[in-house]
Amino acid sequence: MNKEAGLIGLTSDEVAANRLQYGSNVLPETEPKKFYRILIDVVKEPMFLMLTVAGAIYLVLGDTAEALFILSFVFAVIGMTLFQEHKTQRALESLRDLSAPRALVIRDDVEIRIPGRDVVQGDLIVLHEGDRIAADALLIEGQVSVDESLLSGESVPVNKTLNEPLFASTVVTKGFAIARVQAVGIATAIGRIGESISQSDESVSGLQKASRSLIRIISLIAIGVASGLILINWLLNDLPFLESLLSGIALSMALLPEEITIILTVFLALGAWRITKINVLTRHVNAVESLGAITILAVDKTGTLTQNRMQIAELIVDGKSFRTLDGNTLSETYYPLVEFAMLATPADPFDPMEKAIQSFGHTHLEGTDHLHDECTPQFQYDLSADIMAMTRIYSDINPSHHLLATKGSPEAVADLCHLSEMRRAEVQSQVESMASRGLRVLGVASGELPLNEEEPIWPQSQHDFDFTFLGLIGFMDPPRPEVPNAIAQCRNAGIRVLMLTGDHPSTARSIAKAVALTEQPNVITGDEISRLDDQALLLRLQESDICARMQSDQKLRLVRLLQQSGNVVGMSGDGVNDAPALKAADVGIAMGERGSDVARESADIVLLDDSFASIVAAIEQGRAIYDNIIKATRFTFAVHIPIIALTLIPALLHWPIVLMPLHIVLLEILIDPACAIVFEAERASKNSMNRPPRPLSATPFSLNNIGFAMIQGAGIALILLVGYFVLMQKGWSIHAVQSTLFIALVFDLFLLVLANSDFADTIRFGTKRNPMLIYMFAGVITLLAMVLLIPALRDMLGFAQLSLTHLLGAGTLFLLSGIWLLIGSYASSKPLR
């Protein structure tokens, strides 16, 4: 990089010294939740309060062992909450580290991309359009327009030239520059204000809001029902008040599905972390919910469907063609075309096509008079929606003339050159031929203006110049080999794929054919989109999957129209102008390798490898996460039904109480890990991408899901209650009945885990499908062994000494429960919605 200009950058030793002297480029961030804050949150939970009250009652009753056991579980709850909080926090911090802004710096004469926090004072940073500036710096080469609204509140970009300051966290909206860092971290302007914009608060997801509302309703019901049970036991069943209160607390614990909060917090956070393993960064955890509901994917062609390895494949001048793959030497006939294409291109470009122009030119024009690396443009007309071409004007190449170099879409360049209809038709035919072979085509033109001593006043439009058409350049960007299979997956999953591109319609159609995008060959262009009203555009979109010659502002209109027609839209983009559409989409998808900082910060997810296949893999993972939330939710409601029944029904029928807070505490030791660990580790079902997307309004708490779970639980509850009645009729002691029912209930809990997993696959593949099942089963055996074989625990829980008769009784109830769940699993055809 520009050794002549002295732009070598810091050495590794200088970087280390400057970091030590001036500090790291970090701003004060929100710290992880403190221990005391977690403790307060735990104390406010209803389950904690009920356990504490139950422990106190046992102490008053003189049952010290029971009280200590209950209160020890309180500390276990705190421990599990701390573990889950730490695990979730670590996942979120990993996501934030990955999503932090990056910076392109020059060190040891080499350009490298580093995290923004690793920038040090004295670094040379390279800035392109769309970059967020990593630190306060002084512009030493180039010129840029910068959005400083974060600092000044002014939305109009500010032009910056040599020796002007650039401020951290502002955004380059146009141009190219190299700047030397003057201040980092809290020494920057934004640091002095005391804000941290790199740290965004995690908003509450729709599922979390719905779950909290549901839990509040169930909590109110639990309080009412438990209060009724206390009065029944005290006034009608003649139980002492404190024992009646214990039974009421037991029922409240049975009624309250507090696991739902754990399920959503852990599943969404860890799910987002798991998605990073497939090269997709989830910037907003809420996006995990929407991934599985996407009905339309509107994707950028370049770099997403193609490899983004742009190279010049063909040159055409006056009807003569030069194809690079033929291996021939470039003749002088094509020199002016390449020369003016380079002049119309920044010396250090960001765009892949412009990089290909500079690389080709330096390779084939080396040693000729057609290279002008030392020259800089005096003025420039940028690409616009009205004229899809750009012109750069030079005054230091020809001593008597300004030279004009123009490149852009062939139609726009032909129009600027005022070609005759016949010549324009020839050019259009050549463009069609090149585009039909999948080439992206640019037109190139040149022009001259006499030099004068006065400062020139440049006209408003490029149309006011006279241009000479030089020829066409065709670029090749081969499709990614994995894309056709990924598109087929989308088709099977009921997801429609739209291609959005600025390319010529024939190029777009050729790439679409190569990746098997659609059976509809119709193409809609940006010009058509501009002319059509919303209703007409929706009708055209029904028959067109390819959108060519698109402008960024048209993407926003497209996204909103598709949403208004009932679609859930995922849209990909990489430029500054794509940001509004990315924000508007249900799932905005930015490019990690070639995308601008602004696009990444506007998006919900970022593709770390820019590949379309990664989007599809993320959708599959999103569906799996949502499916697992449904499975865990069904399990939670199903497992609580028999616990509620065994707590409430005996009291109503004047039977001896079989489940007290102690027993429910033991069951929670298994239920919580089942929800937070076992179901979270469940792999995607084999048919997750062979069914239509779920409605965005779908919820795990729908009547279908909860009703299905309650039917599962009600069957088991009925079996256990009938077993209770039969055993009591046979003259079994209440302690024998308690131990038998508890054994059956614990094994039924494990059965419910299996039944709410993908039952057929679990039976077929066993623990290979979910290794956590073996740990769950081990937990079941360990818990039963402890409470049945350790005399102190057995006596405290009121269980009888284990006998073969008890095991046979429990085994019978377990077998009947298994048959019930097996029938339910095969008879039910309810999809996970």
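Above this text you will find the structure in question.
Residues numbered from 1 in each chain as written. Predicted model: local features only at pLDDT ≥ 70, side-chain atom pairs only at ≥ 80, totals over all residues. Heavy atoms only, no water.

1. A look at the overall build of the protein
Part 1: Along the protein, the regular secondary structure elements total 29 helices and 22 strands.
Part 2: Burial analysis of the protein (833 residues in total) assigns 53% to the buried set.
Part 3: A separation of at least 24 residues holds for 74% of the contacts in the protein among residues at least 6 apart in sequence.
Part 4: When the accessible surface of the protein is totalled, it reaches about 35900 Å², and 58% of it is carbon and sulfur. (Helix = DSSP H or I, 4+ residues; strand = E, 2+ residues; numbered from the N terminus. Buried < 20%, exposed > 50% of the residue type's maximum accessible area, 1.4 Å probe, protein only. Contact = heavy atoms within 4.5 Å. Areas by Shrake-Rupley, 256 points an atom, 1.4 Å probe, with all protein chains shown as cover.)

2. Details of the sheet that holds strand β16 (residues 468-476)
Part 1: Read from one edge of the open sheet, seven strands run β11-β10-β16-β15-β14-β13-β12, paired in antiparallel fashion. The sheet is open, and its two edges are formed by β11 (320-323) and β12 (379-381), each paired on a single side. The sheet shows a mean angle of 20° between the axes of neighbouring strands, taken without regard to direction.
Part 2: When strand β10 (residues 311-317) meets β16, the two strands line up antiparallel, connected through five bridges. Across the sheet, L315 pairs through a bridge with I473, a residue of β16.
Part 3: Relative to β16, helix α11 (residues 335-343) is tilted by about 80°, and along the sheet it contacts β10, β13 (389-398), β14 (401-408), β15 (439-450) and β16.
Part 4: The strands touched by helix α14 (residues 421-436) within the sheet are β10, β15 and β16, with β16 carrying the most contacts at an inclination of about 10°. (Pairing = 2+ DSSP bridges. Axes fitted to C-alpha atoms, helices over the stretch in contact; angles between N-to-C directions.)

3. Re the sheet that holds strand β19 (residues 546-548)
Part 1: The eight strands are arranged β8-β22-β21-β20-β9-β17-β19-β18 in an open sheet whose pairing can be described as mixed. At either margin of the open sheet sits one strand with a lone partner, and together these are β8 (280-282) and β18 (523-525). The mean angle between the axes of side-by-side strands here comes to 20°, regardless of whether they run parallel or antiparallel.

4. What about α11?
Part 1: For α11, the tally of buried residues reaches eight of nine residues, placing the bulk of the element in the interior.
Part 2: Buried within α11 we find Y335, L337, V338, E339, F340, A341, M342 and L343.
Part 3: Of the surrounding secondary structure, the elements contacted by the buried residues of α11 are β10, α12 (352-364), β13, β14, β15 and β16.

5. Let's talk about the nonpolar core
Part 1: Within the largest apolar cluster, 114 residues are counted, with the highest numbers of intra-cluster contacts made by L297, F612 and F635.
Part 2: In terms of residue count, the dominant contributor to this core is helix α22 (residues 612-652) (16 residues).
Part 3: If sequence neighbours within four positions are ignored, F612 has contacts with L297, V299, T304, L305, V483, A486, I487, C490 and V497.
Part 4: By size, the runner-up hydrophobic cluster in this structure holds 30 residues, among which are V338, M342, A356 and I473. (Core = buried A, V, L, I, M, F, W, Y, C linked by side-chain atoms within 4.5 Å.)

6. A look at the pattern of salt bridges
Part 1: Taken as a whole and assessed by the stated rule, the structure comprises 15 salt bridges.
Part 2: K407 is the salt-bridge partner of E354, the closest N and O atoms lying 2.9 Å from each other. Taken together, the residues E354 in helix α12 and K407 in strand β14 connect sequence positions 53 residues apart. Side by side, E354 and K407 carry an identical accessibility label, which is buried.
Part 3: A salt bridge links D545 to R496; the nearest nitrogen and oxygen atoms lie 2.7 Å apart. (Salt bridge = Lys/Arg side-chain N within 4 Å of Asp/Glu carboxyl O.)

7. Concerning the pairing of strand β17 (residues 496-500)
Consecutive side chains of a regular strand alternate in pointing toward one face of the sheet and then the other.
Part 1: Most of β17 sits inside the fold, with four of its five residues counted as buried.
Part 2: In the sheet, strand β9 (residues 296-300) pairs with β17 via five bridges, with the strands oriented parallel. Each residue of the ladder has a partner; that of D300, found in β17, is L500.

8. Topic: the packing of helix α25 (residues 734-755) against helix α27 (residues 772-789)
How two helices sit against one another is set out by the angle between their axes and by the gap between those axes.
Part 1: Direction vectors running N to C along α25 and α27 enclose 175°, while the axes themselves pass 11 Å from each other. Relative to α27, the element α25 lies roughly antiparallel. For the pair formed by α25 and α27, the contact residues are S739, F742, I743, V746, F747, L749, F750, V753 and L754 on the first element and L773, M776, F777, V780, I781, L784, V787 and L788 on the second.
Part 2: Looking at side-chain class alone, the contact of α25 with α27 contains 16 nonpolar, one polar and no charged residues. (Parallel < 35°, antiparallel > 145°, perpendicular 65-115°, else oblique. Nonpolar A, V, L, I, M, F, W, Y, C, P; charged D, E, K, R; others polar.)

9. Details of the packing of aromatic side chains
Part 1: Enumeration over the complete set of coordinates arrives at eleven aromatic pairs.
Part 2: Centre to centre, the rings of Y381 and F465 are 5.7 Å apart; their planes meet at 75°, and the pair counts as edge-to-face. Pair noted here: Y381 is in strand β12 and F465 is in the loop between β15 and β16, with a separation of 84 residues, a long-range link.
Part 3: Taking relative accessible area as the criterion, Y381 reaches 7% and is therefore assigned buried.
Part 4: Between F742 and F799 the ring centres are 5.1 Å apart and the planes differ by 40°, which places this aromatic pair in the tilted class. Of this pair, F742 sits in helix α25 while F799 sits in the loop between α28 (791-797) and α29 (804-827), placing them 57 residues apart in sequence. Neither F742 nor F799 differs from the other in exposure class; each is buried.
Part 5: Connected via pairs of aromatic rings, a cluster forms that spans F379, Y381, W458, F465 and F467.
Part 6: Looking at R694, its charged tip hangs above the ring of Y626, at a distance of 3.8 Å from the centre. (Phe/Tyr/Trp six-rings, centres within 6.5 Å; stacked < 30°, edge-to-face > 60°. Lys NZ or Arg CZ within 6 Å of the ring centre and 35° of its normal.)

10. Some words on the environment of C675
Part 1: If you trace the backbone, C675 turns up in helix α23 (residues 661-678).
Part 2: Under the relative-accessibility criterion, C675 is labelled buried at 0%.
Part 3: Here C675 is in contact with E259, I263, F267, A632, F635, T636 and E680, once residues within four sequence places are set aside.

11. Points about the environment of Y381
Part 1: Along the chain, Y381 and Q462 lie 81 residues apart, while their C-alpha atoms are 7.2 Å from each other.
Part 2: A polar atom in the side chain of Y381 sits 2.6 Å from the backbone oxygen of P459. (Polar contact = N/O pair within 3.5 Å; in protein donor to acceptor, adjacent residues only side chain to side chain.)

12. Considerations on helix α18 (residues 534-541)
Two residues of an α-helix separated by three or four positions point the same way, owing to the 3.6 residues in each turn.
Part 1: Listing the buried residues of α18 in full gives L537, L538, R540 and L541. One face of α18 carries all of its buried residues, which in axial projection span an arc of 160°.
Part 2: Looking at the buried residues of α18, the elements they touch are β17, β18, α17 (526-531), β19 and α19 (552-564).
Part 3: Looking at where α18 begins, the residue whose side-chain oxygen comes 3.3 Å from the main-chain nitrogen of Q535 is D533. (Arc of directions from axis to C-beta.)

13. Quick word on a nonpolar patch on the surface
Part 1: The grouping of L231, W234, L235, L236 and F241 at the surface amounts to a nonpolar patch, some 520 Å² of accessible area in total.
Part 2: With four residues, the top contributor of residues to the nonpolar patch is helix α7 (residues 206-236).
Part 3: With respect to the element layout, L236 can be found in helix α7.
Part 4: Classification of L236 by relative accessible area gives exposed; the value is 58%. (Patch = residues over 30% accessible without salt bridge, like charges linked within 9 Å, V, L, I, M, F, W, Y side chains within 5 Å.)

14. Overview of unusual backbone geometry
Part 1: Not every positive phi belongs to a glycine, and H418 is a case in point at roughly 55°.
Part 2: For H418, the location among the structural elements is in the loop between α13 (410-416) and α14.
Part 3: A relative accessible area of 48% places H418 in the partly exposed class.
Part 4: Although it is not a glycine, D610 sits at a positive phi angle of roughly 60°.
Part 5: Here D610 lies in the loop between β22 (605-607) and α22.
Part 6: We classify D610 as buried; its relative accessible area is 2%.

15. Overview of a negative patch on the surface
Part 1: On the surface, E366, D373, E374 and D396 cluster together into a patch of negative charge.
Part 2: Structurally, the position occupied by D396 is in strand β13. (Lys, Arg positive; Asp, Glu negative; His and termini not counted. Charge placed at Lys NZ, Arg CZ, Asp CG, Glu CD.)

16. Points about the packing of helix α15 (residues 483-492) against α22
Part 1: For the pair α15 and α22, the least separation of the axes is 9 Å and the interaxial angle reads 35°. In this structure, α15 crosses over α22, and the sense of that crossing is left-handed. Between α15 and α22, the contacting residues are V483, A486, I487, Q489 and C490 on the first element and F612, A613, V616 and E620 on the second.
Part 2: A class-by-class count of the residues in the contact of α15 with α22 yields seven nonpolar, one polar and one charged. (Left-handed = near helix turned anticlockwise from the far one by under 90°.)

17. Here we look at the side chain of Q358
Part 1: Tracing the sequence through the fold places Q358 in helix α12.
Part 2: A polar contact is formed between the side chain of Q358 and the backbone oxygen of P346, at a distance of 3.0 Å.
Part 3: Setting aside chain neighbours within four positions, we find Q358 in contact with M342, T345, P346, A347 and P349.

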